[in-house]
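Examining the three-dimensional arrangement
Here's the letter readout for the chains.
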Amino acid sequence: MNKKSVRDVEVKGKRVFVRVDFNVPVEDGKITDDTRIRETLPTIKYLIENGAKVILASHMGRPKGEFVDSMRLTSAAVRLSELLGKPVAKADEAIGEAVKAQIAELNEGDVLVLENVRFYKGEEKNDPELAKQFAELADLFVNDAFGAAHRAHASTEGIAHFLPAVSGLLMEKELSVLGKALSNPERPFTAIIGGSKVKDKIDVIDNLLTLADNVLIGGGLSYTFTKAQGYEIGNSLVDNDKIEAALGFIEKAKALGKNFVLPVDVVIADKFGADANTKIVDVTEIPAGWEGLDIGPKTREIYADIIKSSKLVVWNGPMGVFEIDIFAEGTIAVAQACATTEGYTVIGGGDSAAAAEKFHLADQMDHISTGGGASLEFMEGKALPGVEALNDK
Ligand SMILES: Nc1ncnc2c1ncn2[C@@H]1O[C@H](COP(=O)(O)OP(=O)(O)O)[C@@H](O)[C@H]1O
Ligand SMILES: O=C(OP(=O)(O)O)[C@H](O)COP(=O)(O)O
């Protein structure tokens, strides 16, 4: 990476504003998955050990510029304190005199968590005034929020115009792993794209067709391709605006000599739910009134074989509605193949990571990205504003 990292600058005695992504799932005030907090520990520990005064800033949810009690960062600060095994102070705001006074009390190695930066209207607008107010709190800006790196907000991008700005260790790791995977991939390189966000993912497929040797399509995404090929898809998920694009990809893959693989069979259901009647049919045989909710057994085998003979696998999006057991087999098969392949496996996207976690295979993957949208935009080849704004080496 051509951007400076926290290792390239002096931090001792400095007030360091660290943007993290503590946007973790919370149910009834309890954090249900603390991965994103744990992943920032290397940066936070590095700063503590090197005598910085650590000021952590994050968003949580989408409070739209209002103070919303359920989206406060209090439980994240408590969890961080448990993980660090030391006290962590918490501010009730993210800017202003009271916060400045709390920061003035910090000793070297102390940690303070600011309140949710999205409680301020200027955050998502990237308001320079708010960015300046964040900058006034510190001597150095460290961006470790890979999950929010695709957002040009006051605490991710704007602040970098007012302070020396460097990347944190998680940011560096994410960019290095994804960058290495995509810029000089080990081959055969297989990309697997599934899930339901057809609009969000279609541009990724375009770029991956150029980069990868095999592109496997599954999940709700696949039926737009099935329809594009002229087959009946019943009530399956489809994006009619993307039919042309889907046909274009099939043509592009042919022209580039790439192995673009669509499901050959699917699990269909007469309704969406755990109590549905199901059948396995060829993808060309979906009757009206039924919907495809998982890839079928022939497809699972084809996909697993390709994954197992790959040197690099990048997976984003489940193969079916894995939250419901009767539609989970396709996602399980792909997750198991990723877990057992000797190739390097990278998983991006909240639901694919959740699936790997649910089937107890997460620790057998080589890299699970903390960013869904961010890793997609990276794979599309787009510049990430939170990274672009950092100081060059
Ligand atoms: N065939 C399908 N029809 C409808 N929804 C699907 C289908 N296959 C997968 N899904 C749903 O897609 C969702 C995940 O999609 P997405 O958000 O694109 O993935 P990710 O978070 O991994 O990027 C899951 O909740 C899953 O139930
Ligand atoms: O959870 C996040 O996005 P992700 O689900 O795409 O990984 C990030 O914290 C960014 O949040 P946002 O999509 O509200 O800007």
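Keep in mind it's a predicted model, so treat the numbers as computed, not measured.

**As for the sheet that holds strand β12 (residues 265-269)**
The antiparallel open sheet is built from three strands, whose spatial order is β13-β12-β14. Only two strands of the sheet have a single partner each, and these edge strands are β13 (278-282) and β14 (291-295). Ignoring which end each strand starts from, the neighbouring axes of this sheet average 40° apart. In this sheet, β14 lies alongside β12 in antiparallel orientation, the contact comprising four bridges. From the neighbouring strand, Ile268 faces β14, where its bridge partner is Gly292.

**Structural notes on the site of ligand 2**
As a matter of local geometry, ligand 2 sits amid Asp21, Asn23, Arg36, His59, Arg62, Arg118, Gly147, Arg151, Gly371, Gly372 and Gly373. In this structure, an oxygen atom belonging to ligand 2 sits 2.8 Å away from a main-chain N or O atom of Gly372. Looking at the shell around ligand 2, its residues break down into no nonpolar, six polar and five charged.

**Regarding the UniProt feature "binding site: ATP" (unreviewed entry) in the chain**
According to UniProt, the positions carrying the feature "binding site: ATP" (unreviewed entry) are Lys201, Gly292, Glu323, Gly349, Gly350, Asp351 and Ser352. Note that Gly349 resides in the loop between β16 (344-348) and α13 (350-358). Among residues more than four places away in sequence, those in contact with Gly349 are Asn316, Gly371, Gly372 and Ser375. On the accessibility criterion, Ser352 (1% relative accessible area) is buried. Sequence-distant contacts of Ser352, that is, excluding residues within four places in its chain, are made with Trp315, Asn316, Gly317, Pro318 and Ile347.

**Considering the confidence of the model for the chain**
Within the chain, residue pLDDT values average 96, and 100% of them lie at 70 or more. For this predicted complex, the interface confidence reaches an ipTM of 0.93, while the overall pTM sits at 0.88.

**Points about the nonpolar core**
One recurring pattern in soluble globular proteins is that nonpolar side chains are buried together. Membership of the largest hydrophobic core comes to 38 residues, with the highest contact counts inside it found for Phe189, Ile205, Leu208, Ile217, Phe225 and Phe260. Residue assignment for this core shows that the elements contributing at least two residues are α7 (169-183), β9 (189-193), α8 (198-211), β10 (214-217), α9 (222-228), α10 (243-256), β15 (312-316) and α14 (373-379). Excluding anything up to four places from it in sequence, Leu208 contacts Leu182, Phe189, Ala191, Ile193, Val215 and Met379. Residues Ile44, Leu80, Leu84 and Val142 belong to the second largest nonpolar core, which totals 29 residues.

Rules used throughout
Residues numbered from 1 in each chain as written. Chains lettered and ligands numbered in written order. Predicted model: local features only at pLDDT ≥ 70, side-chain atom pairs only at ≥ 80, totals over all residues. Heavy atoms only, no water. Pairing = 2+ DSSP bridges. Helix = DSSP H or I, 4+ residues; strand = E, 2+ residues; numbered from the N terminus. Axes fitted to C-alpha atoms, helices over the stretch in contact; angles between N-to-C directions. Near = heavy atom within 4 Å. Polar contact = N/O pair within 3.5 Å; in protein donor to acceptor, adjacent residues only side chain to side chain. Nonpolar A, V, L, I, M, F, W, Y, C, P; charged D, E, K, R; others polar. UniProt positions renumbered as here; feature names shortened; annotations may be inferred. Contact = heavy atoms within 4.5 Å. Buried < 20%, exposed > 50% of the residue type's maximum accessible area, 1.4 Å probe, protein only. pLDDT = per-residue confidence, 0-100. Core = buried A, V, L, I, M, F, W, Y, C linked by side-chain atoms within 4.5 Å.

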